[in-house]
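Take a look at the letters that make up each chain.
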Amino acid sequence: MSSSNSANNTSRNQQEAFAETSIAGKPAGYQIADWQQRFPYISAGITSRHGGISTGPLASMNCALHVQDEPQHVIANRAAFADTLGIPVEAWTCAEQVHGNRVALVTAQQRGRGRLTREDALQATDALITQEPGIWLTAFFADCVPLYFFDPEHKAVGLAHAGWKGTVLQIAEETVEAMTSAFGSRPERMLAAVGPSIGACCYEVDDAVAKPVREALERMEMAEQEIRFLVPDRERAGKYRLNLQQLNGQIMIKAGIMPIHIEICGLCTSCRTDAFYSHRKEHGRTGRMAAWIGIDLTSV
Ligand SMILES: [Zn+2]
């Protein structure tokens with residue numbers, strides 16, 4: 001099988017792309033190890049389920065306001081995590097996610113939107129981009145795929161939420177295009193990462209999902225690669241394993257990002273409920289991790 005343009009074979013350190021971190025003994029989530037080493041001014045990663053005060057199935061670091069948690073627990077968890085990373089909680093800026101593909105440009109005036117209430121968040125948006133230092137773009141996950149974008153040339157960042165719907169709506173490509181038009185980002189100079197999500201090991205889908213995935217693959221002229229992303233169950237007709245991480249990696253390549261510049265996490269949220277929340281594994285009653293990316297030029 002050709003590997004010349006395959007994210008599968010060219011991303012580095014598949015298992016270690018996201019490294020578990022702690023600061024002064026407190027869980028500091030899983031961070032993109034390579035970026036952290038090379039660019040001291042960038043912070044990017046995803047929280048684990050540990051280190052907060054939420055209880056029951058949401059224990060303990062639930063970061064989202066829409067899962068029937070006590071709002072003060074969520075707000076305290078966000079503040080505690082920001083404190084662990086040494087970032088002011090006022091930097092925390094988020095959207096109300098709808099499994100769409102709208103990308104919002106975040107300006108200094110929008111810093112902190114959605115930090116305390118859902119109503120205040122940027123509405124109907126699944127990707128955020130900014131060139132503003134001191135803004136911490138965040139989005140919430142429990143199986144869907146966090147996508148990270150970083151343009152070192154223009155010191156700009158992006159973060160997208162891609163479940164199967166956002167994936168087939170090509171939100172990865174929409175985010176790259178938005179950064180190109182807003183900041184002059186050149187895809188061939190950008191870095192990208194695909195974070196922890198439900199893996200092909202656990203993500204069984206039926207024809208209701210397989211059909212729109214196939215249509216998207218045809219639209220993107222990737223139909224011949226279907227077997228890489230949508231693996232049929234040998235014993236049960238109409239059942240498949242969907243590999244959202246690899247599919248999003250391939251859409252990043254289609255958007256012009258070089259395979260060697262793409263980190264693919266490989267961690268499965270459903271296999272690893274010791275570390276992560278999983279909507280499917282925990283039958284819908286669970287918390288959300290926060291993925292984040294931000295630029296802190298004061299640390300340079
Ligand atoms: Zn799994």
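What to know about the side chain of Asp151
Part 1: Along the chain, Asp151 turns up in strand β8 (residues 145-151).
Part 2: Reaching out from Asp151, the side chain makes a polar contact with the side chain of His154 at a distance of 2.7 Å.
Part 3: Polar side-chain contacts of Asp151 include one of 2.7 Å to the side chain of Ser185.
Part 4: Setting aside residues no more than four positions away along its own chain, Asp151 makes contact with Ala156, Met179, Ser185 and Met190.

Some words on the sheet that holds strand β11 (residues 204-206)
Part 1: Ordered in space as β11-β13-β12, the 3 strands form an open sheet in which the pairing is antiparallel. The sheet terminates laterally at β11 and β12 (230-232), the two strands that pair on one side only. Going from strand to strand, the sheet's axes swing by 40 degrees on average, the running direction of each strand aside.
Part 2: Inspection of the sheet shows β11 paired to strand β13 (residues 239-242) by 3 bridges, in the antiparallel sense. Bridge pairing in β13 places Asp206 opposite Lys239.

Thoughts on the coordination of the zinc ion
The expected angle between donors at a tetrahedral four-coordinate metal is 109.5 degrees. At an octahedral six-coordinate metal it is 90 or 180 degrees.
Part 1: Note on the zinc ion: its protein donors are Cys201 (SG), Cys202 (SG), Cys268 (SG) and Cys271 (SG). The metal-donor distances range over 2.3 Å.
Part 2: If you look at the zinc ion, its 4 donor atoms make angles of 103 to 119 degrees with each other, and the shape they trace is tetrahedral.
Part 3: Accessibility expressed as a relative area gives 46% for Cys271, which makes it partly exposed.

Topic: unusual backbone geometry
Part 1: Backbone torsion omega between Ala59 and Ser60 reads -10 degrees, so that peptide bond is classified as cis.
Part 2: Secondary-structure assignment places Ser60 in the loop between β3 (42-46) and α3 (71-85).
Part 3: For His99, which is not glycine, the phi dihedral falls at a positive 60 degrees.
Part 4: Inspection of the secondary structure assignment puts His99 in the loop between β4 (92-94) and β5 (103-105).
Part 5: Overall, the relative accessible area of 37% leaves His99 in the partly exposed class.
Part 6: Within the chain, Asp143 stands out as a residue other than glycine whose phi angle is a positive 125 degrees.
Part 7: Within the fold, Asp143 resides in the loop between β7 (136-141) and β8.

Regarding the pairing of strand β2 (residues 26-32)
Part 1: Of all 7 residues that make up β2, 5 are buried, and the element is covered over most of its length.
Part 2: Two strands pair when backbone bridges link them, and strand β1 (residues 18-23) and β2 are joined in this way by 5 bridges, in the antiparallel orientation. Within the sheet, the bridge partner assigned to Ser22 lies in β2 and is Pro27.
Part 3: Counting the residues that bridge the hairpin from β1 to β2 gives 2 residues, and of these Ala24 lies at a positive phi of roughly 50 degrees.
Part 4: Relative to β3, β2 runs antiparallel, the two being bridged by 2 bridges. For Gln31, the partnering residue across the bridge sits in β3 and is Gly45.

Remarks on the packing of aromatic side chains
Part 1: Taken as a whole and judged by the stated rule, the model has 11 aromatic pairs.
Part 2: Centre to centre, the rings of Tyr30 and Phe276 are 4.9 Å apart; their planes meet at 45 degrees, and the pair counts as tilted. On the criterion of sequence distance, the pair formed by Tyr30 in strand β2 and Phe276 in the loop between β14 (262-264) and β15 (289-295) is long-range, its members being 246 residues apart.
Part 3: Relative accessible area serves as the criterion here: at 4%, Tyr30 is assigned to the buried category.
Part 4: The interplanar angle of 70 degrees and the centroid separation of 6.0 Å between the aromatic rings of Tyr41 and Phe150 together place this pair among those described as edge-to-face. With a gap of 109 residues between them, Tyr41 in the loop between α2 (33-38) and β3 and Phe150 in strand β8 connect regions that are remote in the sequence.
Part 5: With a relative accessible area of 8%, Tyr41 lands in the buried category.
Part 6: One aromatic cluster in this structure is built from Phe81, Trp92, Trp136, Phe140 and Trp292.

Here we look at α3
Part 1: Spanning 15 residues, α3 covers 21 Å between terminal C-alpha atoms, matching the ideal 21 Å at 1.5 Å per step.
Part 2: Those residues of α3 that fall on the buried side of the exposure criterion are His73, Val74, Asn77, Arg78, Phe81, Ala82, Thr84 and Leu85. Relative to the axis of α3, the buried residues are bounded by an arc of 165 degrees and lie together on one face.
Part 3: Directly beyond the C-terminal end of α3, a positive phi value near 75 degrees is found at Gly86.

Quick word on the confidence of the model for the protein chain
Part 1: Averaged over every residue, the pLDDT of the protein chain is 94; residues scoring 70 or more account for 94%.
Part 2: This stretch, residues 1-14, has a pLDDT under 50; its non-local contacts, to residues over four places away or in other chains, come to 33 contacts.

So, the pairing of β13
Part 1: With burial as the criterion, only one face of β13 is covered, namely that bearing Tyr240 and Leu242; the residues Lys239 and Arg241 on the opposite face remain uncovered.
Part 2: Relative to β13, β12 is paired through 3 bridges, and the arrangement is antiparallel. Across the sheet, the residue bridging to Val231 is Arg241, located in β13.
Part 3: Hairpin connection, β12 to β13: the antiparallel pair is bridged by 6 residues, and Gly238 has positive phi, about 80 degrees.

How each quantity is defined
- Residues numbered from 1 in each chain as written.
- Predicted model: local features only at pLDDT ≥ 70, side-chain atom pairs only at ≥ 80, totals over all residues.
- Heavy atoms only, no water.
- Helix = DSSP H or I, 4+ residues; strand = E, 2+ residues; numbered from the N terminus.
- Polar contact = N/O pair within 3.5 Å; in protein donor to acceptor, adjacent residues only side chain to side chain.
- Contact = heavy atoms within 4.5 Å.
- Pairing = 2+ DSSP bridges.
- Axes fitted to C-alpha atoms, helices over the stretch in contact; angles between N-to-C directions.
- Donors = N, O, S within 2.8 Å, 3.2 Å for Na, K, Ca; no water.
- Tetrahedral: all angles 85-135°; square planar, octahedral: opposite > 155°, others 65-115°.
- Buried < 20%, exposed > 50% of the residue type's maximum accessible area, 1.4 Å probe, protein only.
- Phe/Tyr/Trp six-rings, centres within 6.5 Å; stacked < 30°, edge-to-face > 60°.
- Expected span 1.5 Å × (residues − 1).
- Arc of directions from axis to C-beta.
- pLDDT = per-residue confidence, 0-100.

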